[in-house]
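Descriptive analysis of the structure
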Amino acid sequence: MKVVLPDSSELELPDGATGLDAARAIGPRLAEQAILLRSNGHVQDLRLPLEEGQQIQILTTRDKDDPDALYVLRHSAAHLLAEAVRRLYPGTKIAIGPPVENGFYYDFEFPEPIGEDALERIEEEIRHELSEGRSWERREVSADEAKRFFAEQGEDYKVELVDTAEGPISFYTQGDFTDLCRGPHLQDSGPIKALKLTSLAGAYWRGDEHNTQLTRIYGTAFFSQDDLDTYLEQLEEARRRDHRRLGVQLDLFHLSEHSPGSPFWHPRGMVIWNVLEDLRRRENARRGYSEVKTPLLYDIETYITSGHYENYEENMFFVEGHEDEKRLALKPMNCPGHMLLFGSRLRSYRDLPLRYAESSTLHRDERGGTLHGLLRVKHITQDDAHVFVTEEQIQPEIDAMIEFASDLYDLFGVKPRAELSTRPEKRLGTDEQWDHAEAALEQALRRHEMEYVVSPGEGTFYGPKIDLHMTDALGRSWQMGTIQLDYQMPMRFGLTYMGSDNEEHHPVVIHRALLGSLERFIGILVEHFGGAFPLWLAPVQIRVVPVGEGHREGAATVAQELRAAGLRVELDERDETVGKRIRDAEVEKVPYVVVYGDRESRESLAVRERGGAQSTKTLDQLRDELLATLSAWQAGADRSSPPEQRSGEVQPTGDEVQ
Ligand SMILES: [Zn+2]
Ligand SMILES: [Zn+2]
């Protein structure tokens, strides 16, 4: 039989040959270094037979940064972890141990709880396994045999996993440890050159809080010690940049058990919030969006109509009123309000595209365990919009949105990547509508030449979507905006417009948020900039520090003049030493500090920049320089031109209010 290599050449092999046989046929060195086989984007264990005409790529230890190579390495490391734990803690039951982004974990039910200090001992045991060396043997077994095997060892979780397993059941054995596993795995433990157990956490069996709580041990592994060291440094940097920590240090916000998952914004945090709000409002206006405000509370009928009651009820907050008997719920999204607004009067094709923007507060009952600082909150403020369009306007409108997103992200120095999510199992609408909607989004992405991946089954219940992701300064990926096409909701609300053919048609609605949740976006920005915000975003742009009592008046005049120019200035008159006040400004990452003493005057100011540069400037110079920096940024924002107004496009007159 023949298989096809990456350079399109063919390799002749005996029938039934495995990936490892293919590697051997190419060269003994390759066979030695081989760790995994990749075929049309799928990974395959080297021990499995190949098929006639199969395209194959053999990954080796040299592919040390390849996600699939790291994945198989870490998956194998997870098995070593399970082996070590079983040896050190007899009576421990093992559950599952998959590789995850940046590492792996394994869930255990320990007879006695263990603490963080146990990790070192377990790691030592794994190191011992690595020094002895382990190789993996794969064997297919029947479900009965697998269940018997694990039942005899009291491994209840494994027995349950066999019951729900799909496809052939296989065992992987290393040393005296056998695990139920689909694979793939390394040939042996040789390539695992560096391993670290990183943390402990609680995790429910199958993620269900009604089940037993297990102990999850997280770890990571690499092909070299250098790679592990680099990774650990990045982790440390991420810890330093953690927005919850910087949020306190920079006095931006705090969270309190009195309102779980809802940040309290401090004055400085609110400055950032308002800068983003102004940006949102300005950019929306330039691109033909109209700002609206719709209620927070709606009756249940509205959510039944929108589909939220059926599909999102478990995340909604319900409210009982005193007077009327109607049960109300806080909106988790703006869509129902915008549907009612559209339906509040007759619409013509001349009104479309009709673009409603609103950044009101939304409430979603995210469960306690999933809350995380600003990144996952119960109290969400999106830069939301709903755009009502005709079928023909879908493509240009989505094009314009993608352009809007790129321009906006550009201002923060980040490039977006798109993810196209297609129909989920639980959904509204016919297959034909989904075909059409998915094609529309994909074509827009192609035409815009935006880098994208497809995530099958990840769409919302009402339509497919494009999620926009950014990579931050630490190389981490974050979801930001979303663009969701929806044929369903306008129909459910009975919305129509009068077409040029004098017939009634249903509009299509596009749900879109670009920064996403402002809370989350600020959390991401804090970490992306490590708290050292660019001048335009910094809550305090300049801090003026008078040296002594006698310098307060002069310093106050300087602060006042800079403030009058529109700059955000603070005067630090505390009875602390000058050194202490300068250090505090550094800790708070204030971009400019002006120290005002005997030698200073309007004509000669001592200016310290964040990062250490020091200079002497006149007040006029300092003010003009800062204003120039800000207007350069503003010019960049202005350059991102709004889409051309299309013919037939009439802006709403704003008299929707009844
Ligand atoms: Zn495995
Ligand atoms: Zn929506």
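What you see is a predicted model; the values in this text were computed from it and never measured.

The next subject is the overall build of the protein chain. Counting its regular elements, the protein chain contains 19 helices and 34 strands. Each of the 658 residues in the protein chain was classed as buried or not, and the buried ones make up 52%. In the protein chain, of all internal contacts separated by at least 6 residues, the share reaching a separation of at least 24 is 70%. Carbon and sulfur atoms form 48% of the exposed surface of the protein chain, whose accessible area is close to 31000 Å². Distance between charge centres in the protein chain, computed from 76 positive and 117 negative side chains, equals 4 Å.

Let us now look at the coordination of the zinc ion (ligand 2). Here the zinc ion (ligand 2) is held by Cys-335 (SG), His-386 (NE2) and His-511 (ND1), and the distances to it run 2.0 to 2.3 Å. Sequence spacing among the residues donating to the zinc ion (ligand 2) works out to C-x50-H-x124-H. Taken together, the positions of His-386 in strand 22 (residues 379–389) and His-511 in strand 29 (residues 508–517) put the pair 125 residues apart, joining distant regions of the chain. Pair check on accessibility: His-386 and His-511 agree, each one buried.

To continue, consider the pattern of salt bridges. Going through the model one piece at a time under the given rule, you end up with 64 salt bridges. Residue Lys-2 is joined to Glu-10 by a salt bridge in which the shortest nitrogen-to-oxygen separation is 3.9 Å. Salt-bridge contacts for Lys-617 lead to Glu-625; the nearest nitrogen and oxygen are separated by 3.2 Å. Judged by its relative accessible area of 36%, Glu-625 falls in the partly exposed class. A single salt-bridge network, built from bridges that share partners, covers Glu-83, Arg-87, Glu-125, Glu-129, Glu-132 and Arg-134.

With that settled, consider the sheet that holds strand 19 (residues 327–330). Pairing is antiparallel in the open sheet, where 3 strands are placed in the order 17-19-18. With partners counted over all chains shown, the strands left at the sheet margins are strand 17 (297–299) and strand 18 (318–320), one partner each. Strand after strand, the sheet turns through a mean of 40° between neighbouring axes, direction not considered. Alignment of strand 17 against strand 19, held across 3 bridges, turns out to be antiparallel. Bridged to Leu-297 within strand 19 is Leu-330.

Okay, the packing of aromatic side chains next. Overall, the coordinates contain 20 aromatic pairs when judged by the stated rule. For the pair Phe-222 and Tyr-231, a centre-to-centre distance of 5.5 Å together with 45° between the ring planes defines the contact as tilted. Owing to a relative accessible area of 8%, Phe-222 belongs among the buried residues under this scheme. Its relative accessible area of 14% is what places Tyr-231 among the buried residues. Through a chain of ring-to-ring contacts, three or more aromatic side chains come together here, namely Tyr-89, Tyr-106, Phe-108 and Phe-110. The cationic tip of Arg-327 hangs over the ring face of Phe-318; the distance from NZ or CZ to the ring centre is 4.3 Å. Here the basic side chain of Arg-347 rests over the ring of Phe-342, its NZ or CZ set 5.1 Å away from the ring centre.

To continue, consider the packing of helix 5 (residues 143–152) against helix 6 (residues 156–164). At a minimum axis distance of 8 Å, the contact between helix 5 and helix 6 shows a crossing angle of 170°. It follows that helix 5 is roughly antiparallel to helix 6 by the angle criterion. Of the two elements, helix 5 crosses helix 6, and the hand of that crossing is left-handed. For the pair helix 5 and helix 6, contact is made by Ala-143, Ala-146, Lys-147, Phe-150 and Ala-151 and by Lys-158, Val-159, Val-162 and Asp-163, respectively. Of the residues in the contact of helix 5 with helix 6, the class split is 6 nonpolar, no polar and 3 charged.

Let's shift gears to the packing of helix 3 (residues 67–88) against helix 4 (residues 118–132). With their axes 9 Å apart at the nearest point, helix 3 and helix 4 run at an angle of 115° to one another. In terms of crossing hand, the pair formed by helix 3 and helix 4 is right-handed. Facing Leu-80, Leu-81, Glu-83, Ala-84, Val-85, Arg-87 and Leu-88 of helix 3, the residues of helix 4 in contact are Arg-121, Ile-122, Glu-125, Ile-126, Glu-129 and Leu-130. Tallied by class, the residues present in the contact of helix 3 with helix 4 amount to 8 nonpolar, no polar and 5 charged.

Attention now goes to the nonpolar core. Counting residues in each nonpolar core, the largest one holds 77 residues, and the members touching the most others are Phe-412, Leu-485, Phe-533 and Leu-537. Of the residues forming this core, the biggest block, 8 residues, is contributed by helix 13 (residues 394–410). Beyond its immediate sequence surroundings of up to four residues, Leu-537 is in contact with Ile-272, Val-275, Leu-276, Phe-412, Leu-525, Phe-529 and Arg-568.

As for its placement among the helices and strands, Leu-468 is situated in strand 25 (residues 465–471). Given a relative accessible area of 0%, Leu-468 falls into the buried group. Sequence-wise, Leu-468 and Arg-608 are 140 residues apart; in three dimensions their C-alpha atoms are separated by 38 Å.

On to helix 6. Considered for burial, the residues of helix 6 that qualify are Tyr-157, Lys-158, Val-159, Leu-161 and Val-162. Where the residues of helix 6 are buried, they touch strand 6 (93–94), strand 8 (103–109), helix 5, strand 10 (169–174), strand 11 (177–180) and strand 13 (213–222).

Below, the discussion takes up the side chain of Thr-460. Secondary-structure assignment places Thr-460 in the loop between strand 24 (452–455) and strand 25. Side-chain polar atoms of Thr-460 contact the backbone oxygen of Gly-463, separated by 3.0 Å. Excluding anything up to four places from it in sequence, Thr-460 contacts Pro-424, Trp-434, Lys-465 and Gln-484.

One face of the sheet, then the other: side chains in a regular strand alternate in exactly this way. Burial analysis of strand 29 places 10 of its 10 residues in the buried class, the great majority of the element. Bridge count for strand 22 against strand 29 is 7 bridges, and the pairing is antiparallel. Directly across from Asp-384, in strand 29, lies its bridge partner Ala-513. With 5 bridges joining them, strand 26 (residues 477–486) and strand 29 adopt antiparallel strand pairing.

For the protein chain, per-residue confidence averages 91 on the pLDDT scale, and 96% of positions sit at 70 or higher. Considering each helix and strand of the protein chain separately, the mean pLDDT is smallest for helix 14 (residues 431–447), with a value of 86, and largest for strand 20 (residues 354–358), with 98. The low-confidence segment residues 641–658, where pLDDT is below 50, has 35 contacts with residues more than four positions distant or belonging to other chains.

Here we come to the pairing of strand 26. Of all 10 residues that make up strand 26, 8 are buried, and the element is covered over most of its length. Note: strand 25 against strand 26, 6 bridges, orientation antiparallel. Each residue of the ladder has a partner; that of Thr-471, found in strand 26, is Ser-477. Between the end of strand 25 and the start of strand 26, which pair antiparallel, lie 5 residues, with Gly-475 showing a positive phi angle near 80°.

What follows concerns the sheet that holds strand 34 (residues 614–617). Spatial ordering of the open sheet is given by 31-30-32-33-34, a layout of 5 strands whose pairing is mixed. Edge strands, defined here as strands with exactly one partner in the open sheet, are strand 31 (569–571) and strand 34. Shown here is a sheet whose adjacent strand axes are inclined to one another by a mean of 25°, direction ignored. Two strands pair when backbone bridges link them, and strand 33 (residues 605–609) and strand 34 are joined in this way by 4 bridges, in the antiparallel orientation. Counted as the bridge partner of Arg-608 is Gln-614 from strand 34.

Conventions we followed
Along each chain, residue indices are assigned from 1 in the same order as the chain's sequence is written. Starting at A for chains and at 1 for ligands, labels are handed out in the order in which the entities are written. Where totals are concerned, whole chains, interfaces and linings use all residues; where local detail is concerned, this predicted model gives features only for residues with pLDDT of at least 70, and gives and counts side-chain atom pairs only at 80 or more. For side-chain calculations, the full set of non-hydrogen atoms in the structure is used, while hydrogens and water are omitted. Numbering goes from the N terminus for both helices and strands, where a helix is a DSSP run of H or I of at least four residues and a strand is a run of E of at least two. Exposure categories follow from relative accessible area, calculated using a 1.4 Å probe and restricted to protein chains: below 20% of the type maximum is buried, above 50% is exposed, and the middle band is partly exposed. We call two residues in contact when some of their heavy atoms are within 4.5 Å. Using a 1.4 Å probe, the Shrake-Rupley method yields the accessible areas, and only the shown protein chains count as cover for residues. In this charge count, Lys and Arg are treated as positive and Asp and Glu as negative; neither His nor the chain ends contribute. Where a charge lies is defined by one atom per residue type, namely NZ (Lys), CZ (Arg), CG (Asp) and CD (Glu). Each metal site lists N, O and S donors within 2.8 Å (3.2 Å for Na, K and Ca). With water left out of the atoms, a site can look as if it is missing ligands. Salt-bridge detection follows one rule: a side-chain nitrogen of Lys or Arg within 4 Å of a carboxyl oxygen of Asp or Glu. Here, strands pair whenever DSSP counts at least two bridges between them. An axis is simply a line fitted to the C-alpha atoms; with a helix, the fit covers only the stretch in contact. Between two such axes, the angle follows the N-to-C directions and lies from 0 to 180 degrees. To pair, rings of Phe, Tyr and Trp, with the six-membered ring standing in for Trp, must have centres within 6.5 Å; the planes then decide the type, stacked if under 30 degrees apart, edge-to-face if over 60, and tilted in the middle. Should the NZ of a Lys or the CZ of an Arg lie within 6 Å of a ring centre and within 35 degrees of the ring normal, that charge is described as sitting over the ring. Here the word oblique covers every angle except those under 35 degrees (roughly parallel), over 145 (roughly antiparallel) and from 65 to 115 (roughly perpendicular). A crossing counts as left-handed when the near helix is turned anticlockwise from the far one by less than a right angle, and as right-handed when that turn is clockwise. Amino acids are sorted into nonpolar (Ala, Val, Leu, Ile, Met, Phe, Trp, Tyr, Cys and Pro), charged (Asp, Glu, Lys and Arg) and polar (every other residue, Gly among them). Residues belong to one nonpolar core when they are buried, are Ala, Val, Leu, Ile, Met, Phe, Trp, Tyr or Cys, and are joined through side-chain atoms within 4.5 Å. A 3.5 Å cut-off defines polar contacts: any pair of N or O atoms within that distance qualifies, except that in protein one atom must be a possible hydrogen donor and the other a possible acceptor, and neighbouring residues in sequence count only when both atoms are side-chain atoms. Each residue carries a pLDDT score, the predictor's confidence in it, ranging from 0 to 100.

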